[in-house]
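So you can see what is in the structure, the chains are spelled out below.
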Amino acid sequence: QVQLVESGGGLVQPGGSLRLSCAVSGSRFSAYAMGWYRQAPGKQRELVAHITNGGTTTYADSVKGRFTISRDNAKNTVYLQMISLKPEDTAVYYCNRAGGWGPWPSWGQGTQVTVSS
């Protein structure tokens, strides 16, 4: 059973920064691409950042240049560094497997990011 534990969210002013972390257990973390997803109120969950098991990254256009995904395979952890945050980045952020395998069926509790003055 895969367990995903996200942390690092909070309330930040526009233009601010946050670093999210996601600890993964119960799976061969290093074998899979991972992603950060977000879900804003009334909207569908969307993939905003993706990193392959080899470290290649891709981003949604809405976050390109502001978000950076990284991973530490020794710690089974994936990170999301977010800068220049905007109110439209407000959402619950989740990590999960990405790429061809698709996400694991179970999701973590997510971490709330609120960008507001």
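One open sheet holds the 4 strands; their spatial order is β1-β3-β8-β7, and the pairing between them is antiparallel. Two strands in the sheet have a free side with no partner beyond their single neighbour: β1 (3-7) and β7 (67-72). Recorded for the sheet is a direction-independent mean angle of 15° between the axes of neighbouring strands. With 6 bridges connecting them, β7 and strand β8 (residues 77-82) associate as antiparallel partners. Its bridge partner lying in β8, S70 is registered against Y79.

For the structure shown, the criterion picks out 4 salt bridges. D89 is the partner of R38 in a salt bridge, and the nearest nitrogen-oxygen pair spans 2.9 Å. Note that R38 is positioned in strand β4 (residues 34-39) and D89 in the loop between β8 and β9 (91-97), a separation of 51 residues in sequence. Accessibility classification places R38 together with D89 in one group, the buried group.

So, on to the packing of aromatic side chains. Two aromatic rings are characterised by how far apart their centres lie and by the angle between their planes. In this structure the tally under the stated criterion is 4 aromatic pairs. For the pair Y32 and W101, a centre-to-centre distance of 5.9 Å together with 85° between the ring planes defines the contact as edge-to-face. Residue Y32 is located in the loop between β3 (18-25) and β4, and its partner W101 is located in the loop between β9 and β10 (111-115); the two are separated by 69 residues in the primary sequence. With a centroid separation of 5.6 Å and 85° between ring planes, the pair formed by Y32 and W104 is classed as edge-to-face. With Y32 in the loop between β3 and β4 and W104 in the loop between β9 and β10, this residue pair connects regions lying 72 residues apart in the sequence. What links up through ring pairs into an aromatic cluster is the set Y32, W101 and W104. Above the plane of the ring of Y79 lies R19, whose end atom (NZ or CZ) is 4.1 Å from the centre. The lysine or arginine in question, R71, covers the ring of F29, its NZ or CZ lying 4.5 Å from the ring centre.

The rules behind the values
Residues numbered from 1 in each chain as written. Predicted model: local features only at pLDDT ≥ 70, side-chain atom pairs only at ≥ 80, totals over all residues. Heavy atoms only, no water. Pairing = 2+ DSSP bridges. Helix = DSSP H or I, 4+ residues; strand = E, 2+ residues; numbered from the N terminus. Axes fitted to C-alpha atoms, helices over the stretch in contact; angles between N-to-C directions. Salt bridge = Lys/Arg side-chain N within 4 Å of Asp/Glu carboxyl O. Buried < 20%, exposed > 50% of the residue type's maximum accessible area, 1.4 Å probe, protein only. Phe/Tyr/Trp six-rings, centres within 6.5 Å; stacked < 30°, edge-to-face > 60°. Lys NZ or Arg CZ within 6 Å of the ring centre and 35° of its normal.

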